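# Commentary on secondary and tertiary structure
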Amino acid sequence: MNIGIVCYPTFGGSGVLATELGKALADKGHNIHFITYQQPVRLSGFHANIFYHEVRVPTYPLFDYPPYETALASTMVDVILNNDVELLHVHYAIPHAAAAYMAKQILAKQGKRIPVITTLHGTDITLVGRDKTYSPVVTFSMNESDVLTAVSDNLKDETYKNFKIEKEIEVIHNFVDVERFHRQPVDAFRKLISPNGEKIIVHASNFRKVKRVEDVVSTFLLIQKKMPATLLLLGDGPERTHIEDSARKCESHNTIKFLGKQEQMEDILPIADLFLLTSEYESFGLAALEAMAAEVPVISTNAGGLPEININGYCGFMSDVGDVEDMSKNALHILQDEATLRKFKENALAQAKKFDIANIVPLYEAMYKRVI
Ligand code: GMT
C-alpha cells in the first residue's frame, strides 16, 4: 500500500509512535510518505521505501502567524496526487485532522477519494482540543475522519466525554519493538553512572507541567534517604530550567543528572533499575512501555491510561497523583531486595511483550485494507 503519515516530528509520544509505525510498515514492503515540517527524530538512516516530504511554510510580513495548516493541506494534496497515496493516517488531531479534511475535499473535487484515519494521542483531547478555541474544529474533523482511533480505552472514554462524537472510536494500543529495547546493559556505561553500584532511576519526558517532574525529584530524594541511588532525567521542555534550578539546591545534587534530549533510548534504558512516571495524566505512557521493554519496572501514577499498561504489584506499582511518599515506598520495595527486583524486571519484560510491535502493527494494516 502507499500510505501517507502525518505527525509531529519532535520527541513527543505521538511523533515517536507514528514514526515507528511508518518504519515497521516500510519493513513489511509498504511505501510510506511522511508529511511534516521537519525530519522526525526517530527517522534516522536510509529506508528504501520511506519518503519524507517537508511542509514548507513561506513567510510574509503580513503573517504574524504563518498558516501552517494551509501549507500542510496543500502538501498533502501534492504528495497524494504525485505518489498514488491511497490513505492518510494522521497522528494527533490538531491541526492534522482538519488539514486532512481540507485535503480530502480538494481531492474529491478532482475525482480522487482519499480515506483519512485520525489517531488521537492524548493532549489533543484532554488538554488542547477541549479548549473552546479549538473544540468546534477538532469535533468536526474527528467526525469527518473515516476512522477514528485512540491509543487507550481511557482516551476513548475521555473523547466521548468531552466531544460530541458521532462515530465509533476504535482502540489500538501503542506498541514497542521489544527486540530493539531488550538489550544487555553496557557495563562500562553503568559503572560510569553508578561507580559504587548505586541503583539507577530514570525518568524521560517532555518536561511539561502535566508530567509533574518535581514529583520525580521528590520521590527520588525520599528513596535516597534509605539507599544510594542516582537519578537520570532524560528529555527537555518548559519545566526543565526551574526543576534543574531546584535540584541544584539539594544536598545530593550531584546524584541528579539532566541528560537532555536523547534519540537512542534503547542504549540508556537497559542500565536502569527503575523508571518513574509521575504524570497528572497520560493517555497511555509510551515512555513507560519502552522502559518495560528494556526490562525496567515502572513506578507511576494511576492516571489516565497508565493502568492499561502498568500492573500494580507485578511489573511496577501505581499511586495517586502527587503521592510521592507512596511512590517512594513502592520503589524501595522493589529496589531493596535483589530477588524482588529481578522478578519485577522479568515481569516488566513479559508485560511489554503484550504490546510488541508484531502484535499491534497488523491491526493498523487490517484497518488500512478495510478503508481502502
Ligand atoms: O506526552 C506528551 O505530552 C506528548 C504526547 C504527544 O502526543 O506527543 O504524548 C501523548 O501521546 C503518547 C503516544 O500515544 C502517549 O503515550 C502519552 O501518554 C500522551 N501524553 C499525554 O496524554 C499527556
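For the rest of this paragraph, the subject is the packing of aromatic side chains. The final tally for this structure, using the stated rule, is eight aromatic pairs. Judged by centre distance (6.5 Å) and plane angle (35°), the ring pair of Tyr-364 and Tyr-368 falls under tilted. Highlighted residues: Tyr-364 and Tyr-368, both in helix α15 (residues 357-371), separated by four residues, approximately one helical turn. On the accessibility criterion, Tyr-364 (0% relative accessible area) is buried. For Tyr-368, a relative accessible area of 0% gives the class buried. An aromatic cluster of at least three residues, connected via ring pairs, comprises Tyr-8, Tyr-37, Tyr-68 and Tyr-92.

Attention now moves to the sheet that holds strand β5 (residues 116-120). Here seven strands make up an open sheet; going across it, the order is β3-β2-β1-β4-β5-β6-β7 and the pairing parallel. Looking at strand neighbours, the two that pair on one side only are β3 (50-54) and β7 (169-171), the edges of this open sheet. Across this sheet, the average inter-strand angle for adjacent strands is 25°, counted without regard to direction. Where strand β1 (residues 2-6) and strand β2 (residues 31-36) come together, five bridges link them in parallel fashion. Bridge pairing in β2 links Ile-5 to Phe-34. Across the sheet, helix α6 (residues 153-162) lies against β5, β6 (147-150) and β7, angled at about 165° from β7, the strand it touches most. Across the sheet, α15 touches β1, β4 (87-91), β5, β6 and β7, and the angle it forms with β6 is around 165°.

What sets the pattern is the α-helix's 3.6 residues per turn: residues three or four places apart point alike. Across the eight residues that make up helix α12 (residues 286-293), a large majority, seven, are buried. Within the span of α12, buried status applies to Leu-286, Ala-288, Leu-289, Glu-290, Ala-291, Met-292 and Ala-293. Residues of α12 that are buried sit in contact with α1 (13-27), α7 (178-181), α11 (265-268), β11 (274-277), β12 (298-301) and α14 (338-353). Downstream of α12 by a residue or two, Glu-295 has a phi angle that is positive, lying close to 70°.

Pairing is parallel in the open sheet, where six strands are placed in the order β10-β9-β8-β11-β12-β13. In the strand order of this sheet, the two ends are held by β10 (256-260) and β13 (316-319), each with one partner. Pairs of neighbouring strands in the sheet enclose a mean axial angle of 20°, with direction left out of account. Where β11 meets β12, three bridges bridge the pair, whose relative direction is parallel. Across the sheet, Phe-275 pairs through a bridge with Val-298, a residue of β12. Sheet strands in contact with helix α9 (residues 213-226) are β8 (199-204), β9 (229-234), β10 and β11, and its direction is about 170° off that of β9. Across the sheet, α12 touches β8, β11 and β12, and the angle it forms with β11 is around 175°.

Thresholds applied
- Residues numbered from 1 in each chain as written.
- Predicted model: local features only at pLDDT ≥ 70, side-chain atom pairs only at ≥ 80, totals over all residues.
- Heavy atoms only, no water.
- Phe/Tyr/Trp six-rings, centres within 6.5 Å; stacked < 30°, edge-to-face > 60°.
- Helix = DSSP H or I, 4+ residues; strand = E, 2+ residues; numbered from the N terminus.
- Buried < 20%, exposed > 50% of the residue type's maximum accessible area, 1.4 Å probe, protein only.
- Pairing = 2+ DSSP bridges.
- Axes fitted to C-alpha atoms, helices over the stretch in contact; angles between N-to-C directions.
- Contact = heavy atoms within 4.5 Å.

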